[in-house]
Amino acid sequence: PKSHQDGLLEAMEQQQVSIAKAGVVASLPSRCSVIAAANPKNGHYKMENTVAENLRMSGPLLSRFDLVFILRDQADSDRDRMIS
């Protein structure tokens, strides 16, 4: 959901996490490394679309990652059956 992406963007961009629960409002420092994996929308990566469009991820969030690797699987039911 969009709210999860917003929270992750804040932690990666501003290096803090804002919390508002039961009348308590706080900003906590965050220092972390993020390793993430994502599947393309509709289960198929479309080469004519951008990475952000394929993953339904906002450009600002995607830009916070230093490295982005695209791993594509060529559909081959015979090979998949042999491997499994």
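Check the entry above for the structure.
Here is what the cut-offs are and how they apply
All residue numbers here refer to positions counted from 1 along the written sequence of the relevant chain. pLDDT decides what is reported in this predicted model: residues at 70 or higher carry local features, side-chain atom pairs at 80 or more are listed and counted, and totals for whole chains, interfaces and linings draw on all residues regardless. Where side-chain values are given, they derive from all heavy atoms of the structure, hydrogens and water being excluded. Among buried residues, the Ala, Val, Leu, Ile, Met, Phe, Trp, Tyr and Cys ones that are joined through side-chain atoms within 4.5 Å form a nonpolar core. Type-normalised accessible area, obtained with a 1.4 Å probe on protein chains alone, sets the label of each residue: buried when under 20%, exposed when over 50%, and partly exposed for intermediate values. Runs of E in the DSSP output that reach at least two residues are strands. Runs of H or I that reach at least four are helices, and both are numbered from the N terminus. In this description, contact between two residues means that some pair of their heavy atoms is separated by no more than 4.5 Å. Whether two strands pair depends on DSSP finding at least two bridges between them. Salt-bridge detection follows one rule: a side-chain nitrogen of Lys or Arg within 4 Å of a carboxyl oxygen of Asp or Glu. What a helix should span is 1.5 Å times the count of its residues minus one.

Novice: Tell me about the nonpolar core, and name the residues and values.
Specialist: Among the nonpolar cores identified, the biggest contains six residues, and these are Leu9, Met12, Met57, Leu61, Leu62 and Phe65. Elements that contribute at least two residues to this core include exactly helix H1 (2–13) and helix H3 (59–63). What Leu62 contacts, discounting residues up to four positions off in sequence, is Val51, Ala52, Met57 and Val68.

Novice: Please give an account of the pairing of strand S1 (residues 16–21) that cites residues and values.
Specialist: Along any regular strand, the residues point their side chains to alternate faces of the sheet. As paired strands, S1 and strand S2 (residues 24–29) are joined by six bridges and run antiparallel to one another. For Val17, the partnering residue across the bridge sits in S2 and is Leu28. Between the end of S1 and the start of S2, which pair antiparallel, lie two residues, with Ala22 showing a positive phi angle near 50°.

Novice: Account for the pattern of salt bridges, naming residues and giving values.
Specialist: Taken as a whole and judged by the stated rule, the model has one salt bridge. Across the pair Arg81 and Asp78 runs a salt bridge, and its minimum N-O distance is 3.1 Å. Here the residue Arg81 and the residue Asp78 both occupy positions in helix H4 (residues 77–83), the gap between them amounting to three residues, near one helical turn. Per residue, the accessibility class of Arg81 equals that of Asp78, and both read exposed.

Novice: Requested: an account of unusual backbone geometry, with residues and values cited.
Specialist: Non-glycine residue Ala22 carries a positive phi angle of around 50°. Its place among the elements puts Ala22 in the loop between S1 and S2. Exposure remark for Ala22: the relative accessible area of 84% places this residue in the exposed category. Located in the positive-phi region is Arg56, a residue other than glycine, with phi close to 55°. Its location among the elements puts Arg56 in the loop between helix H2 (51–55) and H3. Residue classification places Arg56 among the exposed residues on the basis of a relative accessible area of 56%.

Novice: How would you explain H1 if you had to name every residue and give the values?
Specialist: For H1, spanning 12 residues, the distance from its first C-alpha to its last is 16 Å, which sits close to the expected 16 Å at 1.5 Å a residue. Leu9, Glu10, Ala11 and Met12 are the residues of H1 that are buried. Each element contacted by the buried residues of H1 is listed here: S1 and H3. At the exit of H1 stands Gln15, carrying a positive phi of roughly 55°.

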